[in-house]
Amino acid sequence: RKKIKIDSSKTWIVSNTLNNNKSTSFLKKQLKQVQLLHINRKKINSNTLSIGFYPKNILKLILFLILNNEKWYRYNPHFLYDVFNFNDTVISLFKENKPKAIIFSNDHYYLNRMLLNESKKHKITSIYIAHASVSDYFPQLEFDHSFLFGQAMLDIYKRIGVINGETYLFGNSRSDDLINLRKESRDRNVIGIGINPLDNPDL
């Protein structure tokens, strides 16, 4: 419930995962006035935008559960708790701050969507830099500027629905380091295997 104060002269980069960090890491080298924000349920460090606690929302949540019979609501009370409380968090955030722009690297995480919706009300420029491939189950593009891997990704978003804002096909920035490897002459074939950081490489 404390007032949230962030340096408003900067562009914010909103990141939720390791993949998000990697897809926007090049920006931190290029932009001087940039600040990384991490959205999380718990406060991890000074750059974490965590879900606040607002007692009035407990009553709102109980009423919502009573008045709505959808089963998924009842099995996901923590999800609704997050939504009700984070809504007040982002309203409080923009009372105190107005950044130049907000860069998102995840377009479907529900807390990101809430932050995007509230930033639109305050006419803050929104930028989306894709961190991974997409499928037809993703939400439609609603950013002012969207940077996509290529035509295939754009085609998927066209199938999903109306595309708002400008789109740019700029490749996958995370693959830039591979360019030099492609230029090397090799006398053998190489197979690259992409693993999750949680996987055991030995296996």
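Criteria and cut-off values
Residues numbered from 1 in each chain as written. Predicted model: local features only at pLDDT ≥ 70, side-chain atom pairs only at ≥ 80, totals over all residues. Heavy atoms only, no water. Pairing = 2+ DSSP bridges. Helix = DSSP H or I, 4+ residues; strand = E, 2+ residues; numbered from the N terminus. Axes fitted to C-alpha atoms, helices over the stretch in contact; angles between N-to-C directions. Contact = heavy atoms within 4.5 Å. Buried < 20%, exposed > 50% of the residue type's maximum accessible area, 1.4 Å probe, protein only. Arc of directions from axis to C-beta. Phe/Tyr/Trp six-rings, centres within 6.5 Å; stacked < 30°, edge-to-face > 60°.

(A) Main features of the sheet that holds strand β6 (residues 145-148). On the basis of which strands lie adjacent, the open sheet formed by 7 strands has the order β3-β2-β1-β4-β5-β6-β7 and parallel pairing. Only two strands of the sheet have a single partner each, and these edge strands are β3 (48-50) and β7 (166-169). On average, each strand axis in the sheet is inclined to that of its neighbour by 25°, with strand direction left out of account. Where strand β2 (residues 34-40) and β3 come together, 3 bridges link them in parallel fashion. By the bridge assignment for β3, N40 is matched with S50. Across the face of the sheet, helix α1 (residues 18-30) comes into contact with β1 (11-15), β2, β4 (101-104) and β5 (125-129) while running at roughly 160° to β1. Where helix α4 (residues 77-96) meets the sheet, it contacts β1, β2, β3 and β4, and its direction lies at approximately 130° from that of β3.

(B) Local environment of helix α6 (residues 151-160). What α6 keeps buried is the set M153, L154, I156 and Y157. The buried residues of α6 occupy an angular sector of 155° when projected down its axis, which confines them to one face. Residues of α6 that are exposed and point over 90 degrees away from its buried face: A152, K158 and R159. For α6, the elements touching its buried residues are β5, β6 and β7.

(C) Up close: the packing of aromatic side chains. For the structure on display, the rule yields 8 aromatic pairs. Between Y128 and F143, the aromatic rings sit 5.0 Å apart at their centres with planes inclined by 15°, giving stacked as the arrangement. Highlighted residues: Y128 in strand β5 and F143 in the loop between β5 and β6, separated in sequence by 15 residues. For the ring pair F147 and F170, a centre distance of 5.5 Å and an interplane angle of 70° mean the geometry is edge-to-face. Taken together, the positions of F147 in strand β6 and F170 in the loop between β7 and α7 (179-183) put the pair 23 residues apart, joining distant regions of the chain. Judged by relative accessible area, which is 24%, F147 ranks as partly exposed. Under the relative-accessibility criterion, F170 is labelled partly exposed at 33%. Taken together, the ring pairs connect F79, Y109 and Y110 into an aromatic cluster.

Just distances and angles here, no functional claims.
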